[in-house]
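# Fold and geometry: a report
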Amino acid sequence: MTKQPFYITTAISYVNAPPHIGHAYEVIGADVMARFKRLDGFDVYFLTGTDEHGQKVQKMAQSKDKTPQAFCDEIAATFQDMADYLNISNDQFIRTTQESHKETSRSVWEKLTAAGDIYLNKYAGWYSVRDEAYYGEDEMTTREDGKKICTATGTEVEWIEEESYFFKLSAYEQKLLDLYESQPDFIQPSFRRNEVTSFVKQGLKDLSISRTSFDWGIKVPGDEKHVMYVWVDALINYISALGYPADKDGLMKKYWPCDVHLIGKDIVRFHAVYWPAILMSLGLPLPKRVFGHGFLLTGGNKMSKSVGNVISPRALVDKFGADSSRYALMREVTFGQDGDISWPLMTARINAELANNIGNLVQRTLSQINKNCDGKVPQPGILEDVDHALLTHTGQEMLINVRGEFEKLQFSRALEEIVRAANAANAYIDEQAPWTLKKTDPARMQTVLYVLAETIRNLGLILQPFVPVAAYKILDQVGVAPDQRDFVYIGAQHALQPATPLPKPEGVFPRIVEEEAEAAQEKTA
RNA sequence: GGCGGGGUAGCUCAGCGGUAGAGCAGAGGAAUCAUAAUCCUUUGGUCGGGGGUUCAAAUCCCUCCCUCGCUACCA
């Protein structure tokens, strides 16, 4: 049976600065989803990467006295490094400065032109030379001397007309509205769909898609004084990565259309309006889903360097490790909404759920098996109702519930489900008290410990997408073979074989113990 | 201004017409296998204000207040 394909992407990150926590959050979300789908029997392709063109990058490079490419190489490396230390399982890391992407972009441009959707005209507007930006009427005020200035920066603006290519976005207004109507899940969460719909209903203007004021970009075929507007270039990454249009490796045929574009809420419009319009013009099928996640806040505020409340991905992993960091971010915040994170919140969550609940469950069970069952999977007797109840809850039932949450990208809810299962196992162990059975009914003790080992196997399996390394350790400790770790192995039909020898148990989720220095740091935060 | 979220226990949030819920935090107890972890019980809310519909409203309608987002071409 051939596996069903599943294509998931993050946004590509703009390389004007090294990664911050938001980048980490997004790529972790995508990774958790990708890993889940792989384990659930899908043929997954997971793409992430960097967006490297545009005026901002050119300026940044200049100010650091570097060539744009050298500058990009440097920053892109920090993103690749982050993917590494966060344990991200992407299949490709695309960079928009790579030759294959440029080729695709030029080819797309030619196709859009051939489709009659690109034309040359003038872009006109109020421009601030100092800010190198155009401003709308609502962003400007008139000074006493009668000159218009930008309200925010206070710089003078002048009326500028610049030659530019345009994309006939206006021609797609009705088609886009039809799309949102006929495919209500196209934009998620649903309140984002409302925003986009009302935006499109206001009427779409054609989109200026080339620039002549700088040259760090992909040159427009046949008119090299223009470079493509970075957003057009950036969006194309989702298909250039698959080899469009040549499709030498058949990736396009296999994985397109994309199942989920996972992006930040700030760029929903680009993905829900511009991108489908471009695809329509190319005659390509549209992505199934665009999911805009929220932002991470701390103390209800945006993180900012000047306030000094920034939590960097590197610092996070240094303190908690990759697994626990992934867990904390996925658990603490409802995906799709903004969420508050802080060191104390994350520490509390990791300790309560990973260390105390799940970690300690594994430890207390395995150490009893190690001491009392000769270090082998115990031999169960006849299972009682309580045993069946726990196994059902933590087996198929948990998988079905977790899968349901993944369909909605509700990672936090999925984890809640898993924690609840571990909780039930802790209640079971207390109620059954195998340490007492050891003296009164050793056979029953074996059964109880077997049921617990089996529960731990199920938990280890379902935890893999979130905490891959620790989950692997758990599965190793209950003697699950590496090729028996897909979700089809969850549940009774693939239960542990009694008498399988087990390695000596060791802790998987260490408690975070606050040191004085950290406590002091938190006081100031 | 227009459109759309949200305002529920100390904290984070669920419920969205039928006697106020979960987790965490707080209090009391049990147990001792375990990462002093676990388990049980429990305190705590006039569900933003006001009005209306209904036998019945956190839940529907109106209105007001607060808060957040969107309202195009830096990315």
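## Some details on the overall build of chain A
- When its secondary structure is counted, chain A shows 19 helices and 19 strands.
- The principal-axis extents of the C-alpha atoms in chain A amount to approximately 95 × 60 × 40 Å.
- Across the 525 residues that make up chain A, the buried fraction comes to 54%.
- Of the contacts made within chain A by residues no fewer than 6 positions apart, 76% connect residues no fewer than 24 positions apart.

## Describing the packing of aromatic side chains
- Within this structure, the stated rule accounts for 21 aromatic pairs.
- For the pair Tyr7 and Tyr255, a centre-to-centre distance of 6.5 Å together with 50° between the ring planes defines the contact as tilted. Taken together, the residues span a long stretch of sequence, with Tyr7 in strand E1 (residues 4-10) and Tyr255 in helix H9 (residues 251-255) at a distance of 248 residues.
- For Tyr7, a relative accessible area of 0% corresponds to the buried category.
- On the accessibility criterion, Tyr255 (6% relative accessible area) is buried.
- Their ring planes at 50° and their centres at 5.4 Å tell us that Tyr25 and Phe335 sit as a pair that is tilted. A residue pair is termed long-range when its members are at least 10 positions apart, and Tyr25 in helix H1 (residues 21-39) and Phe335 in the loop between helix H12 (322-332) and strand E19 (339-340) qualify at 310 residues.
- Given a relative accessible area of 1%, Tyr25 falls into the buried group.

## Brief notes about the pairing of E1
- Across the 7 residues of E1, 5 count as buried, placing the element largely inside the fold.
- Across 6 bridges, E1 lies against strand E3 (residues 42-51) in parallel orientation. For Pro5, the partnering residue across the bridge sits in E3 and is Asp43.
- Inspection of the sheet shows E1 paired to strand E15 (residues 260-264) by 3 bridges, in the parallel sense. In the strand pairing of E15, Thr9 is matched with His261.

## So, the sheet that holds strand E14 (residues 223-228)
- An order of E12-E14-E13 is seen for the 3 strands of this open sheet, with the pairing classed as antiparallel. Both edges of this open sheet fall to strand E12 (210-211) and strand E13 (219-220), since each of them pairs with a single strand only.
- Sheet topology note: the E12/E14 ladder contains 2 bridges and is antiparallel. Residue Arg211 lies in a different strand from E14, and its bridge partner there is Val227.
- In this fold helix H4 (residues 99-114) packs onto E12, E13 and E14, with an angle of close to 105° to the strand it touches most, E14.

## Considerations on helix H13 (residues 343-372)
- Of all the bends in H13, the largest measures some 40° and sits at Asn360.
- Between the side-chain oxygen at the start of H13 and the backbone nitrogen of Leu345 there is a gap of 3.2 Å, and the oxygen is on Ser342.
- Immediately beyond the C-terminal end of H13, within one or two residues, lies Asp374, with a positive phi of roughly 65°.

## A short note on the protein's contact with RNA strand B
- Surrounding RNA strand B, one finds 38 residues, the nearest of these being Lys205, Arg269, Asn360, Arg364 and Phe509.
- Within 4 Å of the protein, the contacting atoms of RNA strand B are drawn from sugar and phosphate to the extent of 64%.
- Interatomic distance of 3.0 Å between a side-chain N/O atom of Glu195 and a sugar or linking oxygen of RNA strand B.
- Gly203 has a polar backbone atom sitting 3.0 Å from a base nitrogen of RNA strand B.
- Contributions of two or more residues to the surface near RNA strand B are made by helix H6 (190-201), strand E11 (207-208), helix H7 (230-235), helix H10 (268-282), H13 and helix H15 (411-432).

## Considering the environment of Val508
- In this fold, Val508 is placed in the loop between helix H18 (468-477) and helix H19 (516-524).
- In this view, Val508 contacts Ala470, Lys473, Ile474 and Gln477; residues no more than four positions away in its chain are not counted.

## Quick notes on the confidence of the model for chain A
- Within chain A, residue pLDDT values average 90, and 93% of them lie at 70 or more.
- Here residues 516-525 scores under 50 on pLDDT; set against residues more than four positions off or in separate chains, the count is 7 contacts.
- The ipTM, which scores confidence in the relative placement of chains, is 0.89 for this predicted complex, and the corresponding pTM is 0.93.

## Quick look at the pairing of E15
- Judged by how many residues are buried, E15 sits mostly within the fold: 5 of 5 residues are covered.
- On E15, burial covers both faces: Val260, Leu262 and Gly264 on one face and His261 and Ile263 on the other are all buried.
- Here E15 pairs with strand E16 (residues 290-293) via 4 bridges, running parallel. Following the sheet pairing, Gly264 is matched in E16 by His293.
- Regarding the hand of the β-α-β motif, the stretch spanning E15, H10 and E16 is right-handed.

## Some thoughts on the nonpolar core
- One finds Leu329, Met330 and Phe466 to be the most contacted residues of the largest nonpolar core, which totals 102 residues.
- Ranked by residues supplied to this core, first place goes to helix H17 (residues 442-463) with 12 residues.
- The contact partners of Phe466, leaving out residues within four places of it in the chain, are Val32, Asp323, Arg326, Met330, Phe406, Phe411, Ala414, Leu415 and Ile418.
- Counting 60 residues, the second-largest nonpolar core is a separate cluster that includes Leu112, Ile209, Met252 and Ile267.

Thresholds applied
- Residues numbered from 1 in each chain as written.
- Chains lettered and ligands numbered in written order.
- Predicted model: local features only at pLDDT ≥ 70, side-chain atom pairs only at ≥ 80, totals over all residues.
- Heavy atoms only, no water.
- Helix = DSSP H or I, 4+ residues; strand = E, 2+ residues; numbered from the N terminus.
- Buried < 20%, exposed > 50% of the residue type's maximum accessible area, 1.4 Å probe, protein only.
- Contact = heavy atoms within 4.5 Å.
- Phe/Tyr/Trp six-rings, centres within 6.5 Å; stacked < 30°, edge-to-face > 60°.
- Pairing = 2+ DSSP bridges.
- Axes fitted to C-alpha atoms, helices over the stretch in contact; angles between N-to-C directions.
- Bend = angle between axes of the 7 residues up to and from the residue.
- Polar contact = N/O pair within 3.5 Å; in protein donor to acceptor, adjacent residues only side chain to side chain.
- Near = heavy atom within 4 Å.
- pLDDT = per-residue confidence, 0-100.
- Right-handed = clockwise from strand over helix to strand, strands pointing away.
- Core = buried A, V, L, I, M, F, W, Y, C linked by side-chain atoms within 4.5 Å.

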